[in-house]
Amino acid sequence: MIISAKDIVKRYRKIESKGLFKKKYHEVLAVNNINLDIKLNDHIGLVGLNGSGKSTLIKMILGILKPSQGEITTFGRDPIKYRQENAMKIGIVFGQRSQLRWDLPPMDTFLLNREIYKIPQAVFEERLAKLVKLLDAEEFLHQPVRTLSLGQRMKAEIIAALIHNPDLIILDEPTIGLDIVTKNSIVKFLNTLHDKTIIFTSHDLDEVEKVCSRVVILNKGVKVFDEGVKALENTDAPTTIEFSSPDSFEKISQIIKNIQVVSQERYKVENIKKDDVKGILSLITQKINIEHIEVKRLKLEYLLEQIAKRGTIHES
Ligand SMILES: Nc1ncnc2c1ncn2[C@@H]1O[C@H](COP(=O)(O)OP(=O)(O)OP(=O)(O)O)[C@@H](O)[C@H]1O
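This structure is a prediction, so every number in the text was calculated from the model and none was measured.

At a minimum axis separation of 9 Å, helix 3 (residues 106-116) and helix 5 (residues 150-162) run at an interaxial angle of 10 degrees. Comparing the axis directions of helix 3 and helix 5 gives the class roughly parallel. The segment helix 3 lies against helix 5, with Pro106, Thr109, Phe110 and Asn113 engaging Ala156, Ile159 and Ala160.

In structure tokens:
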């Protein structure tokens, strides 16, 4: 077992109000009695809405935070006591934070990491060449990070996080804000990492399904779902189609029922049932001049609703 959590609880004390002399506190139960076992080479999607406890759980796995109750081991040992040792076996990518030096090229961070992790030169060169090839990152390795596009930066972050060949890779929303082509190339890369244990946090279940074999959903600190990704295949989450078009609202509303205006020349149809998606899509693409179209499913929100109603996502 790479990670084993038994009945872990994390409470934070939050300052409620600050009087002149007195502080008032209230307690937040960020992680509520979670049991979780993660095996070698598991690819786990850790999913939940904002504030559901994902970061808190990850911080306990990393030994940055101590559980208020319960026990957790990472690589079979206390993550706080063995934080340094475990760090040698863990690579972390944050979509919203950077480990790259802003004014320097990514290559300088890779070289710094080579020193920190004491990677022999030949091993470093071989690993770097492989990662650069898989992520198609050659052209921007020597460009200052501040001049990189978000997608290029994220690829460089991934290389920096993996250069010491960690066994456990934690990716915290690594694809946030990326275009679909870059997202796909990162997903494709992650799918080559069969011999690694991956924890991939996201709000986007569709993406998690492309990378992970198992999905853990947290809701308000509670683990409400922990199953193989196949269990999510046939959920009937409603779809939203959003598109931009120079055509008039009058014309569009005659073709598509329940059309809503998002902004100028931008429209959406919400709550489309699974069986109706194809029909509406072909109406839009055949009868309306479209410049851009997006198909979205609020799958996580839908699943959380099902779980709240029935306690499970499965039909009884
Ligand atoms: N240092 C802290 N002090 C007090 N409360 C905290 C602290 N860190 C997190 N919380 C609270 O704990 C709860 C869980 O937060 P956490 O950051 O773990 O959620 P999350 O699922 O990672 O959210 P997001 O998707 O927005 O990153 C939230 O209510 C949050 O406000």
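Taken together, the neighbourhood of the ligand is formed by Tyr12, Lys14, Val28, Ala30, Gly48, Asn50, Gly51, Ser52, Gly53, Lys54, Ser55 and Thr56. Across the shell around the ligand, the residue classes break down as 3 nonpolar, 7 polar and 2 charged.

Another point: unusual backbone geometry. Within the chain, Asp136 stands out as a residue other than glycine whose phi angle is a positive 50 degrees. Within the secondary structure, Asp136 is located in the loop between helix 4 (121-135) and helix 5. Even without glycine at this site, Glu173 takes up a positive phi of about 45 degrees. Of note, Glu173 is situated in the loop between strand 6 (168-172) and helix 6 (180-190).

Counting residues in hydrophobic clusters, the biggest one holds 54 residues, and the most contacted among them are Ile44, Val47, Ile159 and Phe200. When residues of this core are assigned to their parent elements, the largest contribution, 7 residues, is made by helix 5. Discounting residues that sit within four places of it in the chain, Ile44 has contacts with Ile38, Ile198, Ile199, Phe200, Cys212, Arg214 and Val216.

Parameters and conventions
- Residues numbered from 1 in each chain as written.
- Predicted model: local features only at pLDDT ≥ 70, side-chain atom pairs only at ≥ 80, totals over all residues.
- Axes fitted to C-alpha atoms, helices over the stretch in contact; angles between N-to-C directions.
- Helix = DSSP H or I, 4+ residues; strand = E, 2+ residues; numbered from the N terminus.
- Parallel < 35°, antiparallel > 145°, perpendicular 65-115°, else oblique.
- Contact = placed C-beta atoms within 7 Å.
- Near = placed C-beta within 6 Å.
- Nonpolar A, V, L, I, M, F, W, Y, C, P; charged D, E, K, R; others polar.
- Core = buried A, V, L, I, M, F, W, Y, C linked by C-beta atoms within 7 Å.
- Buried ≥ 20, exposed ≤ 12 C-beta atoms within 10 Å, placed from the backbone.

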